[in-house]
Amino acid sequence: MAYLIDGHNLISKMPGISLEDFDDEKQLVERLSIFSNRRRCHIEVFFDNAPPGGRRVIQQGLITVRFVRAGMSADQAIRNRLQSLGGEARNWTVVSSDRQVRASAKSAGARHLTSDEFAKTVQAALYDRSEEDQLDFKGEMSDEEIEEWLQHFGGTPEEEK
């Protein structure tokens, strides 16, 4: 799975990140980096209003960050990217709450998600527990487990009285 993401659109849906933050784009890319590593997926994230003279494309692991030059929107850059993908667009999912961008994704054969839907997916992946953590703990320990803990930490409950 691979994603084309409207970055500023997604930031507004991510808990703990605000478009008002000085480093909002960096915060999003950090979260997407964790997500892409856990899900083993490629991500291209597009941000409007590239600063003059700055790098337009940054590669970070499985993520490509694209800063869109003035005069073009991230929405248009995503549509252009879909066109350049041709038939490969079917292997990508476009993340945007913009209806026209999602319509472009659909006509190109790509899947699409709203930023709200994808934000929930990212949050779930960020807070997924490992299999060991997902054991059904009922708060009760077997006699063997109690003995193991007592041996490890020493003493018995009766000795502490």
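Right above here is the structure, for reference.
Residues numbered from 1 in each chain as written. Predicted model: local features only at pLDDT ≥ 70, side-chain atom pairs only at ≥ 80, totals over all residues. Heavy atoms only, no water.

## Let's talk about the sheet that holds strand β4 (residues 63-67)
Reasoning step 1: Pairing in this open sheet of 6 strands is mixed, and the strands run β3-β4-β2-β1-β5-β6 from one edge to the other. Each edge of the open sheet is held by one strand with a lone partner, namely β3 (57-60) and β6 (111-113). The average undirected angle you get between the axes of adjacent strands in this sheet is 20°.
Reasoning step 2: Bridge analysis of β3 against β4 gives 4 bridges, and the strand direction is antiparallel. Of the residues in β4, the one forming a bridge with Ile58 is Val65.
Reasoning step 3: Lying over the sheet, helix α2 (residues 24-39) contacts β1 (2-6), β2 (42-47), β3 and β4, oriented at roughly 170° with respect to β2.
Reasoning step 4: Against the sheet, helix α5 (residues 115-126) engages β1, β5 (92-95) and β6, with an angle of about 85° to β6. (Pairing = 2+ DSSP bridges. Helix = DSSP H or I, 4+ residues; strand = E, 2+ residues; numbered from the N terminus. Axes fitted to C-alpha atoms, helices over the stretch in contact; angles between N-to-C directions. Contact = heavy atoms within 4.5 Å.)

## Notes on the pairing of β5
Reasoning step 1: Of the two faces of β5, both are covered, the one formed by Trp92 and Val94 as well as the one formed by Thr93 and Val95.
Reasoning step 2: In this structure, β1 lies alongside β5, joined through 4 bridges in parallel fashion. Within β5, the position partnered with Leu4 by the bridge is Val94.
Reasoning step 3: Bridge count for β5 against β6 is 3 bridges, and the pairing is parallel. Each bridged residue has a counterpart across the sheet, and for Val95 the counterpart in β6 is Leu113. (Buried < 20%, exposed > 50% of the residue type's maximum accessible area, 1.4 Å probe, protein only.)

## Regarding the environment of Thr114
Reasoning step 1: Residue placement: Thr114 occurs in the loop between β6 and α5.
Reasoning step 2: Taking C-alpha positions, Thr114 is 9.3 Å from Asn9, a pair spaced 105 residues apart along the chain.
Reasoning step 3: Setting aside chain neighbours within four positions, we find Thr114 in contact with Val95, Ser96, Ser97 and Arg102.

## What about α2?
Reasoning step 1: Along its 16 residues, α2 runs 22 Å from first to last C-alpha, staying within 8% of the 22 Å computed at 1.5 Å per residue.
Reasoning step 2: All of the buried residues in α2 are Asp24, Gln27, Leu28, Val29, Arg31, Leu32, Ser33, Phe35 and Ser36.
Reasoning step 3: Summarising the contacts, the buried residues of α2 are in contact with β1, α1 (7-11), β2, β3, β4 and α5.
Reasoning step 4: At the exit of α2 stands Arg40, carrying a positive phi of roughly 55°. (Expected span 1.5 Å × (residues − 1).)

## Things to note about unusual backbone geometry
Reasoning step 1: One non-glycine residue, Arg40, adopts positive backbone phi at about 55°.
Reasoning step 2: Within the secondary structure, Arg40 sits in the loop between α2 and β2.
Reasoning step 3: With a relative accessible area of 68%, Arg40 lands in the exposed category.

Without other data, these values stay purely geometric and don't point to any function.
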